[in-house]
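# Summary of structural features
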Amino acid sequence: MTESAIEMVVAVIRPDKLADVKQKLANTGAPSLTVTQVSGRGSQPAKTEQWRGEEYTVDLHQKVKVECVVADVPAEDVVDAIAEAAHTGEKGDGKIFVLPVSSATQVRTGKTGPDAV
Ligand SMILES: Nc1ncnc2c1ncn2[C@@H]1O[C@H](COP(=O)(O)OP(=O)(O)OP(=O)(O)O)[C@@H](O)[C@H]1O
Ligand SMILES: [Mg+2]
């Protein structure tokens, strides 16, 4: 058997979906993750809103970025889990990317490769 590939799933999701996504990932066998508060925009153009009579433009939205590196669990399963848990059906539900990872090292043990993940 060839060594399993290491991949990173990067998802940008609604902040209020983080709890569901974490739970679903744990159930999928991929509990390890890094979470970052981010702002971003997708394909919608900037929206003009009013506050105290002043117009202002909203072009960046608060999102949460979830990074999940896997070796034994297929990245596809992680993508499916996140997509299911993060879904509302409204615009702005988020996006999921999969990237190859060339190396992984567990600091405590010095293990490298899939065993380190
Ligand atoms: N192509 C992209 N590159 C980098 N980040 C992206 C990209 N598309 C989306 N994002 C990030 O994902 C967040 C959510 O995107 P969003 O769900 O609005 O995508 P969308 O393509 O506009 O889909 P929808 O029409 O459902 O809103 C964005 O705020 C941004 O942070
Ligand atoms: Mg959008």
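Residues numbered from 1 in each chain as written. Chains lettered and ligands numbered in written order. Predicted model: local features only at pLDDT ≥ 70, side-chain atom pairs only at ≥ 80, totals over all residues. Heavy atoms only, no water.

### With respect to the UniProt feature "modified residue: O-UMP-tyrosine" (unreviewed entry) in the chain
What counts, and what does not: UniProt positions are given in the numbering used here, feature names are shortened, and annotations may be inferred rather than shown by experiment. Only runs of H or I of at least four residues qualify as helices and only runs of E of at least two qualify as strands under DSSP, and these elements are numbered from the N terminus. Residue contacts follow a heavy-atom distance rule, with two residues in contact if any of their heavy atoms lie within 4.5 Å.
Within this numbering scheme, the UniProt entry marks Tyr56 as carrying the feature "modified residue: O-UMP-tyrosine" (unreviewed entry). The topology assignment puts Tyr56 in strand β4 (residues 54-58). Residues within four places of Tyr56 in sequence aside, it is in contact with Lys47, Thr48, Glu49, Gln50 and Trp51.

### Concerning helix α1 (residues 18-28)
Using the following cut-off: Working definition: with a 1.4 Å probe on protein chains only, accessible area under 20% of the residue-type maximum means buried, over 50% means exposed, and in between means partly exposed. Our arc is simply the arc of the directions from the helix axis toward the C-beta atoms.
Of the positions making up α1, those classed as buried are Leu18, Val21 and Leu25. Along the axis of α1, the buried positions cluster into a sector of 60°, meaning they face one direction only. Opposite the buried face of α1, at more than 90 degrees from it, the exposed residues are Ala19 and Asn27. Turning to α1, the residues buried within the fold contact β1 (7-13), β2 (34-40), β5 (61-70) and α2 (75-86). Of the residues flanking the end of α1, it is Gly29, one or two places downstream, whose phi is positive at about 90°.

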